[in-house]
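Analysis of the macromolecular model
Each chain, written out:
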Amino acid sequence: MKIHEYQAKELFSSFSIPVPEGGVATTVDHTVAIAERLLKTSAAVVVKAQIHAGGRGKGGGVKLAKSVDDARAAAQAILGMQLITHQTGAEGQRVKSVWVETASNIERELYLAVVFDRASARPVLMASEAGGMDIEEVAEHTPEKLLKLPVDPAIGLQAFQARQLAFFLNLPPEATKQTVTLIQNLFRLYDEKDCGLVEINPLVFTKEGHIKALDGKINFEDNALFRHPDILAMRDIDEEDPLEVEASEYGLNYIKLAGDVGCMVNGAGLAMATLDIIQQVGASAANFLDIGGGGSVEKNQHAFRLLLKDPTVKALFINIFGGILRCDRLAQGIVNAAQQLKQEGKPVNVPIVIRMKGTNVDEGKRILAESGLTYAVVDDMTAGAQKIVEFLRQPVPA
Ligand code: GDP
Ligand code: MN
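An account of the accompanying structure is given in this report.

The rules behind these values
Within each chain, residues carry numbers counting from 1 in the order of the written sequence. As they are written, the chains are lettered A onward and the ligands numbered 1 onward, keeping that order. For a predicted model such as this one, the threshold for reporting local features is a pLDDT of at least 70, and the threshold for listing and counting side-chain atom pairs is 80 or more; totals across whole chains, interfaces and linings nevertheless cover every residue. As a convention, hydrogens and water are excluded, and side-chain values are obtained from all of the structure's heavy atoms. When a carboxyl oxygen of Asp or Glu is within 4 Å of a side-chain nitrogen of Lys or Arg, the pair counts as a salt bridge. Only DSSP runs of H or I reaching four residues or more are called helices, and only runs of E reaching two or more are called strands; each is numbered from the N terminus. For the exposure calls, accessible area comes from a 1.4 Å probe over protein chains only, and a residue counts as buried if that area is under 20% of its type's maximum, exposed if over 50%, partly exposed in between. A strand pair is defined by DSSP finding two or more bridges across the two strands. Throughout, the term near means that a residue has one or more heavy atoms lying within 4 Å of the molecule or strand in question. Two N or O atoms form a polar contact when they lie within 3.5 Å of each other; inside protein one atom must be a possible hydrogen donor and the other a possible acceptor, and for residues adjacent in sequence the pair counts only when both atoms belong to side chains. Areas reported here follow the Shrake-Rupley algorithm with a probe of radius 1.4 Å; residue values treat only the protein chains shown as occluding. Residues are grouped as follows: nonpolar covers Ala, Val, Leu, Ile, Met, Phe, Trp, Tyr, Cys and Pro; charged covers Asp, Glu, Lys and Arg; every other residue, Gly included, is treated as polar. For Phe, Tyr and Trp, where Trp contributes only its six-membered ring, two rings pair if their centres lie within 6.5 Å, and the inter-plane angle classes them as stacked under 30 degrees, edge-to-face over 60, or tilted in between. Either the NZ atom of lysine or the CZ atom of arginine qualifies as a charge over a ring when it sits within 6 Å of the ring centre and within 35 degrees of the ring normal. Note that a disulfide, as used here, is simply two cysteine sulfur atoms within 2.5 Å. Only the contacting stretch of a helix is used when fitting its axis, a line to C-alpha atoms as for every element, and angles between N-to-C directions run 0 to 180 degrees. Contacts are assigned to residue pairs with any non-hydrogen atoms lying within 4.5 Å of each other. Atoms of type N, O and S within 2.8 Å of a metal are treated as its donors, and for Na, K and Ca the window is 3.2 Å; water is not considered, so some sites may appear to be missing partners.

Before going further, it helps to examine the pattern of salt bridges. When their charged atoms lie close together, side chains carrying opposite charge are able to pair. As enumerated under the stated definition, the model contains 23 salt bridges in all. Two residues, Lys9 and Glu5, come together in a salt bridge whose shortest N-O distance is 2.7 Å. Here Lys9 and its partner Glu5 are both found in helix H1 (residues 5-14), four residues apart, which amounts to about one turn of the helix. Here Lys9 matches Glu5 in class, with each residue buried. Among the ionic pairs, Glu192 bridges to Arg188, the shortest N-O distance being 3.8 Å. You can see Glu192 and its partner Arg188 sitting in helix H6 (residues 173-192), four residues apart, about one turn around the helix.

Quick look at the structure:
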């Protein structure tokens, strides 16, 4: 789960990580009120779009305001805008709230993060003097500018590691000292809140000599959320893919992908193999959907409807191996969903390829055959994927 910058900054504050003073607003008037208060003690404020994606600055979602009128104009421009960044996709993300904070006099922009590294199975701390920009670029083109230190989960972050990272940033002595403490607090936050990523980009060194988190990005480990009700309360489902939210309500394991072949599969292994084979024949999957084993007719029905709700789906590949799963229940779910869609005036209008084997397969095939649904049956996965490509190449009827 991800959270907004303003929520990350609230968490930073509660872990004694310094952040600029500010407030969150969903209306222009409220933005102006916050700006008015902050401008009493500072020369400028920054109005920042709150969306989960990064790269907001380049997309016009971060604006400096030196007066209340500037702040109003910034709020009018940002609130309600469709903000497009390299992380949002072409359609962008609608901005519902802004964070308004005291502007900082930036001397240097640094980078600091803790991320879980699956390869070494431990958290890795990262620091760089090249902050504020795309850290993936830094890692690729100038890896010497990025220091990575793995933390042994059994003994935790050692003080010497925090010092090593802080010294790497080449700050004056007092700021280095502040940074050592900040790194220790950052790791404590990562650890106590079961995060997968905590990133400060940029961490700024100000002209006044202070160290502050100017941005904050946190991802939490979904499987640990049950023990953090305070974190779960920060969830903003408007920022998540609506189909993924709906799938999670039905207990379906669904992930939206960029291609156009909708896949209905049981078991994560078979799902991966299906994605691979689709790729091999030159097509690409629109999703990863694992309907699991032992699902009811209703659950299968929801799964089928969900796939067809995705407008990018141009063909459906149903690839099922019934072990615990019963093919008859799957078939009934598909048929029910198709009938329901027809009644709603949205009949199935994409080609369907079905490869089905295992428990109660004959019964399942009979249910499908008697349903009046149009589909192609194949015996193995490769044939199925090839059939899909054939369908995709056919001209769309006018
Ligand atoms: P992101 O683009 O979504 O990563 O948003 P950030 O919060 O990182 O802001 C982008 C950039 O805006 C930063 O790297 C800074 O260069 C600039 N910026 C943000 N806040 C301030 C500020 O208070 N003062 C100044 N001078 N620049 C700022
Ligand atoms: Mn940033």
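Having seen it, we continue.
Our focus in this paragraph is the pairing of strand S12 (residues 217-220). By the alternation rule, side chains of S12 split into Ile218 and Phe220, which are all buried, and Lys217 and Asn219, of which none is buried. Of the strand pairs in this sheet, strand S10 (residues 195-206) and S12 are connected by four bridges, and their pairing is antiparallel. When the sheet's bridge partners are listed, Glu199 is paired in S12 with Lys217.

Right, let's talk about the site of ligand 1 for a bit. Close to ligand 1 lie 15 residues, the nearest being Lys48, Arg56, Gly57, Ser104 and Glu109. Between an oxygen atom of ligand 1 and a main-chain N or O atom of Gly57, the distance comes to 2.8 Å. Between Ser104 and ligand 1, the recorded distance is 2.8 Å, taken from a backbone N or O atom to an oxygen atom. When isolated, ligand 1 has an accessible area of 570 Å², and the protein chains bury 77% of it. Those elements that place two or more of their residues in the shell around ligand 1 are strand S2 (45-49), strand S7 (106-117) and S10. Within the shell around ligand 1, the residues separate by chemical class into five nonpolar, six polar and four charged.

Cis geometry marks the peptide bond from Asn201 to Pro202; its omega dihedral reads 10°. Not every positive phi belongs to a glycine, and Ser16 is a case in point at roughly 60°. By the secondary structure assignment, Ser16 is in the loop between H1 and strand S1 (22-25). Even without being glycine, Asp194 reaches a positive phi, approximately 55°. Secondary-structure assignment places Asp194 in the loop between H6 and S10.

Enumeration over the complete set of coordinates arrives at one aromatic pair. In this structure, Lys387 is placed above the aromatic ring of Phe391, and the distance from its NZ or CZ to the ring centre is 5.7 Å.

We now examine the state of the cysteines. Evaluated as defined, the whole model comprises zero disulfides. Free cysteine: Cys263, not disulfide-bonded; nearest cysteine sulfur from Cys327 at 17 Å. Of the residues examined, Cys263 reaches a relative accessible area of 1% and is grouped as buried. Given a relative accessible area of 0%, Cys327 falls into the buried group.

On to the sheet that holds strand S3 (residues 62-65). Pairing is antiparallel in the open sheet, where four strands are placed in the order S1-S6-S2-S3. The outermost strands of the open sheet, each flanked by one partner alone, are S1 and S3. Within this sheet the neighbouring strands show an average axis-to-axis angle of 20°, counted without direction. As judged from the four bridges shared by S2 and S3, these two strands associate in the antiparallel manner. If you follow Val45 over to S3, its bridge partner there is Ala65. The strands touched by H1 are S1, S2 and strand S6 (98-102); relative to S6, the strand with the most contacts, the crossing angle is about 50°.

Looking at the manganese ion (ligand 2), one finds its protein donor set to be Asn201 (O) and Asp215 (OD), positioned 2.2 Å from the metal centre. Of the two residues, Asn201 sits in strand S10 while Asp215 sits in the loop between strand S11 (211-213) and S12, which places them 14 residues apart along the sequence. Per residue, the accessibility class of Asn201 equals that of Asp215, and both read buried.

Interpretation note: all reported values are geometric properties and have no functional meaning in isolation.
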